[in-house]
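Given next are the chains, with one letter for each unit.
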Amino acid sequence: FENPIFIMLARNLKSVSNRVSQRYFTASASNVYDGRGLWDIFPRMPKEVILGDVTVRDGFQHEEVLVSTEAKKYYLENIVMAGCKNIEITNLGSPKVMPQFHDAYELMQFVKGGELESKCKKKGINFDDIVFTTVTIREYAVDMAMELHQKGLGPDRCLMMVSTDKTHHE
């Protein structure tokens, strides 16, 4: 991939993998590899880890400058093409309170309206394997998720958040 975001992500994952391998699976004066497998060393470690991406929803929400809808679509398309199967797209809350999410409907239309699915088919990616999540904090957001679902544009999963911060409930 030529995109610097994906190059950085791949380097970070490789770096973590190398550190674990060097620490537990290579011979050294202080740590001799004794033939045990990873689950022998870490018996409570899960057999499977599911990675997801929250950049479009969480990563962009605190930016001082609005991130354009086209930039969000570009990122979503590229993260899907890179093989990510769990993606948080947006927060369905009020855009008056959270201006970065003013384009929630348009992003859902891009993801669930057929455009992204047709691009996936061309690349041999099974679109049905991808889980698209939206965040819903208040009743307004849940209503919007149900409205989107009725139009065939609903998220695969809604993440319900509970907050004790008064500003989230105004």
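Everything quoted here is computed from the prediction, not taken from an experiment. (Residues numbered from 1 in each chain as written. Predicted model: local features only at pLDDT ≥ 70, side-chain atom pairs only at ≥ 80, totals over all residues. Heavy atoms only, no water.)

Participant: For this particular structure, what's the right way to read the packing of aromatic side chains?
Facilitator: What describes a pair of aromatic rings is the distance from one ring centre to the other and the angle between the planes of the rings. What the rule picks out here adds up to two aromatic pairs. Ring centres 6.2 Å apart and planes at 75° place the aromatic pair Phe60 and Tyr75 in the edge-to-face group. With a gap of 15 residues between them, Phe60 in the loop between helix H3 (55-59) and helix H4 (69-81) and Tyr75 in helix H4 connect regions that are remote in the sequence. This pair shows no difference in class: Phe60 is buried, exactly as Tyr75 is. Ring geometry for Phe127 against Phe132: centres 5.7 Å apart, planes inclined by 35°, an arrangement best described as tilted. (Phe/Tyr/Trp six-rings, centres within 6.5 Å; stacked < 30°, edge-to-face > 60°. Helix = DSSP H or I, 4+ residues; strand = E, 2+ residues; numbered from the N terminus. Buried < 20%, exposed > 50% of the residue type's maximum accessible area, 1.4 Å probe, protein only.)

Participant: In this structure, what is going on with the pattern of salt bridges? I would like to understand it.
Facilitator: For the coordinates displayed, the defined rule picks out nine salt bridges. Linking Asp58 and Arg57 is a salt bridge whose minimum nitrogen-to-oxygen distance equals 3.5 Å. Glu88 is paired through a salt bridge with Arg57; the nearest N and O atoms lie 2.7 Å apart. With Glu88 in strand S1 (residues 86-91) and Arg57 in helix H3, this pair connects stretches of sequence that are 31 residues apart. For the pair shown, Glu88 and Arg57 are each scored as buried. The network of salt bridges with common partners includes Arg57, Asp58 and Glu88. (Salt bridge = Lys/Arg side-chain N within 4 Å of Asp/Glu carboxyl O.)

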